[in-house]
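So the chains spell out like this:
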Amino acid sequence: MSKEITSRSEDYAQWYNDLVLKGGLADYSAVRGCMVIKPYGYTLWENMQDALDKMFKDTGHVNAYFPLFVPRSFLEKEEGHAEGFAKECAVVTHYRLKVNPDKKGTLMVDPDSKLEEELIVRPTSEAVIWNTYKDWIQSYRDLPLLINQWANVVRWEMRTRLFLRTAEFLWQEGHTAHATSDEAIAEAEQMLGVYAEFAENWMALPVIKGVKTPNERFAGAVETYCIEALMQDGKALQAGTSHFLGQNFAKAFDVKFLNKENKQEHVWATSWGVSTRLIGALVMAHSDDSGLILPPKIAPFQVVIVPISKGDEQKVLIDAKVKTIMEQLKAAGITVKYDNNDNARPGWKFAEYELKGVPVRIAIGARDIENNVAEVARRDTKEKMSMGFDGLAVQVKKLLDDIQQNLYNKARTYRDAHITPANTWDEFKKLLEEKGGFVSAHWDGTSETEDKIKEETKATIRCIPLNNAREDGKCIYSGKPSKERVLFALAY
RNA sequence: CGGGAGGUAGUUCAGCCCGGUAGAACACCUGGUUUGGGACCAGGGGGUCGCAGGUUCGAAUCCUGUCCUCCCGACCA
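Rules used throughout
Residues numbered from 1 in each chain as written. Chains lettered and ligands numbered in written order. Predicted model: local features only at pLDDT ≥ 70, side-chain atom pairs only at ≥ 80, totals over all residues. Heavy atoms only, no water. Helix = DSSP H or I, 4+ residues; strand = E, 2+ residues; numbered from the N terminus. Rg over C-alpha atoms; globule rule 2.2 N^0.38 Å. Buried < 20%, exposed > 50% of the residue type's maximum accessible area, 1.4 Å probe, protein only. Contact = heavy atoms within 4.5 Å. Areas by Shrake-Rupley, 256 points an atom, 1.4 Å probe, with all protein chains shown as cover. Lys, Arg positive; Asp, Glu negative; His and termini not counted. Charge placed at Lys NZ, Arg CZ, Asp CG, Glu CD. Salt bridge = Lys/Arg side-chain N within 4 Å of Asp/Glu carboxyl O. Pairing = 2+ DSSP bridges. Axes fitted to C-alpha atoms, helices over the stretch in contact; angles between N-to-C directions. Polar contact = N/O pair within 3.5 Å; in protein donor to acceptor, adjacent residues only side chain to side chain. Near = heavy atom within 4 Å. Nonpolar A, V, L, I, M, F, W, Y, C, P; charged D, E, K, R; others polar. Phe/Tyr/Trp six-rings, centres within 6.5 Å; stacked < 30°, edge-to-face > 60°. Lys NZ or Arg CZ within 6 Å of the ring centre and 35° of its normal.

(A) Spotlight on the overall build of chain A. Helix and strand counts for chain A come out as 14 helices and 26 strands. Compactness check: chain A gives a C-alpha radius of gyration of 26 Å against a globular reference of 23 Å for 492 residues, within 12% of the reference. For the C-alpha atoms alone, the extent of chain A along its principal axes is close to 80 × 70 × 55 Å. Going through the 492 residues of chain A one by one, you find that 53% of them count as buried. Across chain A, the fraction of contacts at a sequence separation of at least 24, relative to all contacts at a separation of at least 6, is 68%. A total accessible area of about 22900 Å² is found for chain A, and carbon and sulfur atoms account for 50% of it. Taken together, the 64 basic and 71 acidic charged side chains of chain A have centroids lying 2 Å from each other.

In structure tokens, the structure reads:
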């Protein structure tokens, strides 16, 4: 099998696919638009889940699970929401198959099993959840309701890409209900902060926090907050969103509570989510032409040990030495894999674990045992160093921290170098075409202008950064007055 | 959903134009030699040629339909 990775500079799309496939994260599947997440990729996702889940719980949330199917009538209730998702829903219309009488050995939909009301495979769970919340919320004492669910959702996209846009994907969706608007807005902002912290501290992925323009807003939301990341090809990727839903869903599903003054009020809502798309972001942000580079904090395993042995006697010696090293590393909280598979030689394994992005590789041969050192290689810089066996865990721990920090710094430097102000329309177009990245420019605040710019350049407003500096200027396109700059970019 | 390319062994692909017994490399299995950056020798196993029709004495190859994948576009809270 070819293990060569397409060069990033030659064909970015192919480079990305190679990374995912050859890095062992996922495979294409025989089912339209869906993918198989392999154990290595799923372990990565589990590590991400663990970190996020802890952050959710630390901010007072609990997990629950709601049904996969949404009756059509539920989805219809919030109009904007319904329209936004209508075009990409998988619909269950029948509940039974039967043997095809005209053709033995094949099955057909039993026409007698037609459902009176279609069931939609959830593209998101607001509808089902708000229908439930109606029964759970009666008084202000029931609020706030802070619930998250880990689930799969289905969106029938026309064109799919591994992790970035698949027909079915895994995610978490938080759905909260509050007594006041302020409290709900604070919740939406808090969760955006959680996402940003996760992206930066765990994934080593610098992100920009901001709000979406009305055009890019979630269907049914009053305000959509987002974190935007920059990929190595200069395109932006929406990495997570948090929505202030106002009272839209409360009104659509008639969710009211009795306040302290004994008056009925509609509750205020938020929803927020991140998905396996984050894995795509990770892949595109940190990898090189040798393969993936995974941040130590979420890597499926942080260290791989490769033995280099000549003959069975050495093998026994090395196995014994590695055993003590592994105990040392594990005691320090480091996850480690020992690959003493006989089939592959060291050189093959070196290349393989580089493809998989394992942060640190330790090679140990008889020579090393004699000298009381191990050869330690870091994936991010490919630098090799010698480390004594004594206190190895402490040094490796330090190295892992260093790699985590270095990945962030590198991505941050690249990102910061790719936020460029543009003051004229020509400059704006030139920047998008030649340099890529975020272009910071004045915008007159209208959807019409936003649409026109998209039509002419394919660039969209990624976000209006939070805490944006006020600055008087003129719209890059229409020349009308503007009070602040917004970030444009080509996006995934 | 439009345009393009494809689907043949576990993987990557050749064979198709011009119909005539199913191929290569890598991977896998056995034995041996090896092991510090993708080892070598010898032997071996493995494919209803995506699926369904049609043409033909005969179809991986020609025709029609269909499903799936990739790339570009449209679409994408």
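(B) Focus on the pattern of salt bridges. Within this structure, the stated rule accounts for 25 salt bridges. Lys212 serves as the salt-bridge partner of Glu228, at 2.8 Å between the closest nitrogen and oxygen. Here the residue Glu228 occupies a position in strand E12 (residues 223-230), and Lys212 occupies one in the loop between strand E11 (208-211) and E12, the gap between them amounting to 16 residues. As far as the burial class goes, Glu228 and Lys212 line up, both buried. We note a salt bridge from Glu484 to Arg470, for which the minimum N-O separation is 3.4 Å. Linking Glu484 in strand E26 (residues 481-489) with Arg470 in strand E25 (residues 470-474), this pair joins segments that are 14 residues apart in sequence. Taken together, the shared-partner salt bridges in this structure form one network comprising Lys212, Glu216, Glu228 and Arg462.

(C) Quick look at the sheet that holds strand E21 (residues 384-388). Judged by pairing direction, the sheet is mixed, and its five strands sit side by side in the order E18-E17-E19-E20-E21 without closing on themselves. The sheet terminates laterally at strand E18 (336-338) and E21, the two strands that pair on one side only. The sheet shows a mean angle of 25° between the axes of neighbouring strands, direction not considered. Of the pairings in the sheet, the one linking strand E19 (residues 360-365) to strand E20 (residues 373-378) comprises four bridges and is antiparallel in character. In the strand pairing of E20, Val360 is matched with Arg378. The strands touched by helix H9 (residues 311-331) are strand E17 (303-308), E18 and E19; relative to E17, the strand with the most contacts, the crossing angle is about 165°. Against the sheet, helix H10 (residues 346-356) touches E17, E18 and E19, its axis set at about 170° to E17.

(D) Region of the structure containing the environment of Glu168. With respect to the helices, strands and loops of the structure, Glu168 is situated in strand E10 (residues 168-178). By relative accessible area, which is 34% here, Glu168 ends up partly exposed. Sequence-wise, Glu168 and Ala469 are 301 residues apart; in three dimensions their C-alpha atoms are separated by 39 Å. With near-sequence residues (within four places) excluded, Glu168 lies in contact with Gly33, Cys34, Asn152, Val153 and Val154. A distance of 2.9 Å separates the side chain of Glu168 from the side chain of Asn152, its partner in a polar contact.

(E) Structural context of the environment of Glu126. Position of Glu126 among the secondary structure elements: in helix H5 (residues 126-136). Given the relative accessible area of 2%, Glu126 is considered buried. A C-alpha to C-alpha distance of 9.5 Å links Glu126 and Glu78, two positions 48 residues apart in sequence. Those residues in contact with Glu126, other than ones at most four positions away along the chain, are His81, His175, Phe218, Leu245, Phe249 and Ser271.

(F) Broad picture of the protein's contact with RNA strand B. In the vicinity of RNA strand B there are 41 residues, among which Arg159, Arg165, Arg217, Phe218 and Ala219 approach most closely. Here RNA strand B approaches the protein such that, of its atoms within 4 Å, sugar and phosphate make up 42%. At 2.6 Å from a sugar or linking oxygen of RNA strand B is found a main-chain nitrogen or oxygen belonging to Phe218. Separating a base nitrogen of RNA strand B from a side-chain N or O atom of Trp348 is a distance of 3.1 Å. Every element with two or more residues in the surface near RNA strand B is listed here: strand E13 (236-246), H10, E19 and helix H11 (366-371). Ranked by residues supplied to the surface near RNA strand B, first place goes to H10 with seven residues. When the residues that make up the surface near RNA strand B are grouped by side-chain class, the tally is 16 nonpolar, seven polar and 18 charged.

(G) Structural context of the packing of aromatic side chains. Taken as a whole and judged by the stated rule, the model has 18 aromatic pairs. Taken together, a centroid distance of 5.8 Å and an interplanar angle of 65° make the contact between Tyr40 and Phe301 edge-to-face. Remark: Phe301 occurs in the loop between helix H8 (277-286) and E17 and Tyr40 occurs in helix H2 (residues 39-58); sequence separation between them is 261 residues. Ring geometry for Trp425 versus Tyr477: centroids 4.9 Å apart, planes at 80°, classification edge-to-face. Taken together, the positions of Trp425 in helix H13 (residues 425-435) and Tyr477 in the loop between E25 and E26 put the pair 52 residues apart, joining distant regions of the chain. Note on Trp425: relative accessible area 17%, which makes it buried. Grouping aromatic residues by their ring pairs yields a cluster made of Trp45, Phe56, Trp150, Tyr195 and Trp272. Note that Lys235 overlies the ring of Tyr492, its terminal NZ or CZ placed 4.8 Å from the centroid.

(H) Looking closely at the pairing of E12. Of all eight residues in E12, seven are buried, a share of seventy percent or more. One ladder, built from four bridges, connects E11 with E12; its direction is antiparallel. Residue pairing in the sheet places Ile208 in a bridge with Glu228 of E12. Taken together, the eight bridges between E12 and E13 define a ladder with antiparallel strand orientation. Note that in E13 the partner of Ala229 across the bridge is Leu237. Hairpin connection, E12 to E13: the antiparallel pair is bridged by five residues, and Gly234 has positive phi, about 85°.

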